[in-house]
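Descriptive analysis of the structure
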Amino acid sequence: NKQVIFRDYITGFPKETDMVLTTRTIKLKVPDGSKAVLVKNLYLSCDPYMRGCMTKKLDGPNYIPSFIPGSPIRGRGMAKVLDSDHPNFKEGELVWGMTCWEEYSLITMPDGLIKIKDTDVPLSYYIGLLGMPGLTAYVGFYELCSPKKGEIVFISAASGAVGQLVGQFAKIMGCYVVGSAGSKEKVDLLKNKFGFDAAFNYKEEHDLDAALKRYFPEGIDIYFENVGGKMLDAVLLNMRNLGRISVCGMISQYNLQKSEGVHNLFCLITKQVRMEGFLVGNYFHLLPKYYDFVMPLIKEGKITYVEDTIEGLDNAPGALIGLFTGSNVGKQVVVVAHE
Ligand code: NDP
């Protein structure tokens, strides 16, 4: 069983050498009476929150436990059941949920695994568009922002796993949508593939406030926050009265020892803006509602999803690190096996 092992807790930017490839022999059989499920991992997801799991967390409100040094990286994946001692799962079924970065995983508490019913879509979608990032985009935009037709929406890290969907949902809603991303290729995708009204490369803007004033002469009604730091500060200055900010993530802060100060929070009061953070893990009860909404859109070709697919567990550490340099174009997927 080829595995990607977490070496030890880190500070600063993660490196490939923080993860080590090994091979261990395992039995491809679930122990009797264990209620466990043995799966063959097909697709593994690289997600920004995994950086937080590489830090040793002290007691406190941590939303996801740290990785265990010497154990495989834990993350979401899409897999096929090979053997099961659990009444809810049968051999041959397809599932998605928490698994490990290895070819085969013995899942001892499989209740969190979600069975895949729709198989006439690309199965990798269950770690992206139809998985945690998709639900994140849906919840963060519709549930938190109460969008209305004609509103002005700004999305940062807009070409990524979550951002590309928020932009398309906002267009379907009849909003005016602008996104920021870190390369020309991504900006072109936003405008030409995802239908954003405008997009810009934030790395080329020395003055983010001036850039936002250029793209939003009338201000922003809804900001879908993925990056934090300087971008959030500049956005606060450009929000309209009664605007909403959905705080999904702050990736620009994840590798810093001390987060950057945000200076313009007073705008929340003067402009009566509502800024709200959320954890998608607390919204999984909305997954059926999300599927009812998004499945028809996928099948009618009204939603598109760009994935950045790499082959092989060997390349998984590099792909995870790439999220923090922006090397991924779209949802970062690791293919472990094709069925
Ligand atoms: P992406 O697919 O968007 O990948 C991460 C992207 O972030 C990179 O491609 C890069 O794009 C951008 N980025 C990296 N470093 C920086 C930086 N210093 N400044 C600005 N942008 C940067 O990831 P996801 O779509 O999976 O996640 C997007 C956000 O949503 C993250 O903040 C994540 O933590 C959060 N999230 C939150 C959830 C929740 O429950 N609240 C659930 C899921 C995700 P670029 O080239 O454009 O810079």
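Residues numbered from 1 in each chain as written. Predicted model: local features only at pLDDT ≥ 70, side-chain atom pairs only at ≥ 80, totals over all residues. Heavy atoms only, no water.

**With respect to helix α2 (residues 163-172)**
Operational definition: The classification of residues rests on relative accessible area computed with a 1.4 Å probe and restricted to protein chains. Under 20% of the type maximum is buried, over 50% is exposed, and intermediate values are partly exposed. Helix numbers and strand numbers start at the N terminus; a helix is a DSSP run of H or I with at least 4 residues, a strand a run of E with at least 2. For this analysis, residues touch if any pair of their heavy atoms sits within 4.5 Å.
By the criterion of burial, α2 is predominantly enclosed, with 8 of the 10 residues buried. What α2 keeps buried is the set G163, Q164, L165, V166, G167, Q168, F169 and A170. Elements in contact with the buried residues of α2: α1 (132-145), β8 (152-155), β9 (176-181), β11 (220-225), α7 (287-299) and β15 (331-335).

**Observations concerning the pairing of strand β14 (residues 307-311)**
Rules: Paired strands are those between which DSSP finds at least two bridges.
Note that β14 and β15 share 5 bridges and pair parallel. When the sheet's bridge partners are listed, E307 is paired in β15 with K331.

**As for helix α3 (residues 184-192)**
Heads up, the rule is: Working definition: the arc comes from the directions between the helix axis and the C-beta atoms, pointing outward to the latter.
Along α3, the positions that sit buried rather than exposed are K186, V187, L189 and L190. Burial along α3 is one-sided: seen end-on, the buried residues are contained in an arc of 155 degrees. In α3, those exposed residues whose orientation departs by more than 90 degrees from the buried face are K184, E185 and N192. Taken together, the buried residues of α3 touch β9 and β10 (198-201).

**Digging into the side chain of H86**
Spelled out, the test is: In the analysis that follows, any N or O atom pair within 3.5 Å is treated as a polar contact, provided that within protein one partner can donate a hydrogen and the other can accept it, and provided that, for residues neighboring in sequence, both atoms belong to side chains.
Relative to the helices and strands, H86 resides in the loop between β4 (74-84) and β5 (94-100). Judged by its relative accessible area of 9%, H86 is buried. A distance of 3.1 Å separates a polar side-chain atom of H86 from the backbone nitrogen of N88. Those residues within four positions of H86 in sequence are excluded, and the remaining contacts are K35, A36, V37, P110 and D111.

**Regarding the environment of F89**
Residue position: F89 is located in the loop between β4 and β5. It is 9.3 Å that separates the C-alpha atoms of F89 and L113, two residues lying 24 residues apart in sequence. Once residues lying within four places of it in the same chain are set aside, the contact partners of F89 are V37, S84, V95, P110, L113 and K115.

**Digging into the site of the ligand**
Quick note on the threshold: When we say a residue is near a molecule or strand, we mean one of its heavy atoms is within 4 Å of it. Areas reported here follow the Shrake-Rupley algorithm with a probe of radius 1.4 Å; residue values treat only the protein chains shown as occluding. Polarity classes work like this: nonpolar for Ala, Val, Leu, Ile, Met, Phe, Trp, Tyr, Cys and Pro, charged for Asp, Glu, Lys and Arg, and polar for all others, with Gly in that last group.
As a structural note, the neighbourhood of the ligand is formed by 26 residues, with K186, Y202, Y254, V280 and N328 the closest of them. Between an oxygen atom of the ligand and a side-chain N or O atom of N328, the distance comes to 2.5 Å. Within the complex, the protein chains bury 90% of what would otherwise be the 920 Å² of accessible surface of the ligand. Looking at the shell around the ligand, its residues break down into 17 nonpolar, 8 polar and 1 charged.

**Description of the packing of α1 against α7**
Put simply, the test is: Fitted lines through C-alpha atoms give the axes, limited to the stretch in contact for helices. The angle between two N-to-C directions lies from 0 to 180 degrees. When an angle is under 35 degrees it counts as roughly parallel; over 145 it counts as roughly antiparallel; between 65 and 115 it counts as roughly perpendicular; any other value is oblique.
Remark: α1 packs on α7, axes separated minimally by 10 Å, with the N-to-C direction vectors making an angle of 90 degrees. Relative to α7, α1 is oriented roughly perpendicular. Facing α1, whose interface residues are G134, L135, Y138, Y142 and E143, α7 presents L287, K289, Y290 and F293. Of the residues belonging to the contact of α1 with α7, the class tally is 6 nonpolar, 1 polar and 2 charged.

**As for the layout of surface pockets**
For clarity, the threshold we go by: Residues are called lining when one of their atoms sits within 4 Å of a cavity or pocket point, these points coming from a 1 Å grid over the protein atoms alone, where a cavity is a set in which a 1.4 Å probe fits but cannot get out and a pocket is an open set with protein on both sides within 12 Å along at least five of seven lines. Grid points are joined across faces, edges and corners, and a volume is the space filled by probe spheres set on the points.
Here the second largest pocket defines a volume of roughly 600 Å³. Taken together, 26 residues form the lining of the second largest pocket, with R74, M98, L106, I107 and T108 sitting closest to its centre. When contributions to the lining of the second largest pocket are tallied by element, the ones reaching two or more residues are β4, β5 and β6 (104-107). It is β5 that provides the largest number of residues to the lining of the second largest pocket, a total of 5 residues. Tallied by class, residues from the lining of the second largest pocket come to 14 nonpolar, 7 polar and 5 charged.

**What to know about unusual backbone geometry**
A positive phi angle, close to 65 degrees, is found at L242, a residue other than glycine. Mapped onto the elements of the fold, L242 is located in strand β12 (residues 239-247). On the basis of relative accessibility, which here comes to 56%, the residue L242 falls in the exposed class. At Q272, a position not held by glycine, the phi torsion is positive, near 50 degrees. By secondary structure assignment, the location of Q272 is in the loop between α6 (267-270) and β13 (274-277).

**Concerning the UniProt feature "domain: Alcohol dehydrogenase-like C-terminal" (unreviewed entry) in the chain**
For clarity, the threshold we go by: UniProt positions are given in the numbering used here, feature names are shortened, and annotations may be inferred rather than shown by experiment.
When the UniProt feature table is mapped to this numbering, "domain: Alcohol dehydrogenase-like C-terminal" (unreviewed entry) covers residues 161-292. Along residues 161-292, the helical share is 36% and the strand share 22%, with 20 Å between the first and last C-alpha atoms.

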